[in-house]
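# Fold and geometry: a report
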Amino acid sequence: MKETVTHVERFGPRCGWANRILRIDLSNRTVQAEPIEEYVPDFLGGRGIAVRIAWNEYPEPVDPFAPENPLMIFAGALTGTRSPYSGRTAICSFSPQACPHNWFTRANIGAQWGDALKKAGYDGLVITGASDEPVQILIRDDEVRIAPAEHLWGLDAYDAREAIRSHAHKRIKTLTIGPAGERLSRIATIQAATSSAAGQGGFGAVMGSKKLKAISVLGTG
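Calculation notes
- Residues numbered from 1 in each chain as written.
- Predicted model: local features only at pLDDT ≥ 70, side-chain atom pairs only at ≥ 80, totals over all residues.
- Heavy atoms only, no water.
- Helix = DSSP H or I, 4+ residues; strand = E, 2+ residues; numbered from the N terminus.
- Buried < 20%, exposed > 50% of the residue type's maximum accessible area, 1.4 Å probe, protein only.
- Arc of directions from axis to C-beta.
- Contact = heavy atoms within 4.5 Å.
- Polar contact = N/O pair within 3.5 Å; in protein donor to acceptor, adjacent residues only side chain to side chain.
- Pairing = 2+ DSSP bridges.
- Axes fitted to C-alpha atoms, helices over the stretch in contact; angles between N-to-C directions.

What follows concerns unusual backbone geometry. Of note, the amide linkage connecting Val 40 to Pro 41 takes the cis form, showing an omega dihedral of 10 degrees. One can find Pro 41 in the loop between β3 (30-34) and α1 (45-57). Here the bond from Cys 99 into Pro 100 is cis, since omega is 10 degrees, no more than 30 degrees from zero. In this structure, Pro 100 sits in the loop between β5 (89-94) and β6 (104-109). One non-glycine residue, Asn 19, lies in positive phi territory at about 65 degrees. With respect to the secondary-structure elements, Asn 19 resides in the loop between β1 (4-7) and β2 (21-25). A positive phi angle, close to 55 degrees, is found at Arg 29, a residue other than glycine. Inspection of the secondary structure assignment puts Arg 29 in the loop between β2 and β3. Note on Arg 29: relative accessible area 21%, which makes it partly exposed.

Turning to helix α3 (residues 157-167), a few remarks are in order. Three or more residues of α3 are buried, namely Ala 157, Ala 160, Arg 161 and Ile 164. The buried residues of α3 occupy an angular sector of 100 degrees when projected down its axis, which confines them to one face. For α3, the secondary structure elements touched by its buried residues are β8 (135-140), β10 (173-176), β11 (190-193) and β13 (212-218). At the N-terminal end of α3, a side-chain oxygen is found 3.2 Å from the backbone nitrogen of Tyr 158, two or three residues along, and the residue is Asp 156.

Residue position: Thr 128 is located in strand β7 (residues 124-128). Among residues more than four places away in sequence, those in contact with Thr 128 are Ile 24, Asp 25, Leu 26, Ser 27, Tyr 58, Pro 67, Glu 68, Asn 69, Pro 70 and Lys 210.

On to the sheet that holds β7, then. Taken together, the six strands give an open sheet; going across it, the order is β3-β2-β7-β4-β5-β6, and neighbouring strands pair in mixed fashion. Where the open sheet ends on each side, the last strands, each with one partner, are β3 and β6. Strand-to-strand, the axes of this sheet are offset by a mean angle of 15 degrees, without reference to chain direction. Across four bridges, strand β4 (residues 71-75) lies against β7 in antiparallel orientation. Paired with Met 72 across the two strands is Val 126, which belongs to β7.

Interpretation in functional terms is not warranted from these geometric data alone.
Laid out in structure tokens, this is it:
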């Protein structure tokens, strides 16, 4: 599989928001950016924006393992600032944990991944589609890579994170899944760090269904 490299445009900042949502389709490997101003200030917080997107674009629930199921990751309005208790990031999708009902729900993570996303110039990601082969997403400011991840597939989340860090940059922040997510366990987590995980919703299995091993961000802003 060839690596896909895309450089996306920026929009003018809007108050505390970076004013940029990154949409990635893993089926056709397309990457594009759109402004966030359609959603703010009416819908505050990362969770509010993700729910509004789901409401607009998914009038009927979708199967959690279907390629069209969106994996949405949004940082809060104050994430990336020095405001106390502002470092949370919402992960939202239709949940495999809610089987047999395809409920849209959310989890959240701490650590520094959301901070890195804001410093790269994004408020959130919307990831759809599914790859035929294991892939990883690497974001560095305006550059977005969809790269092979066969060498990471099968590793636990910690080892995969360390492998990416040693190869890319020591300051890179990564969301990873382990073998449970790869095998579509409905309770699989997404790991942000050794002490932070999206433990609710089974969203590790959503990443696994998309053959998405990791999402890494390095922001210099």
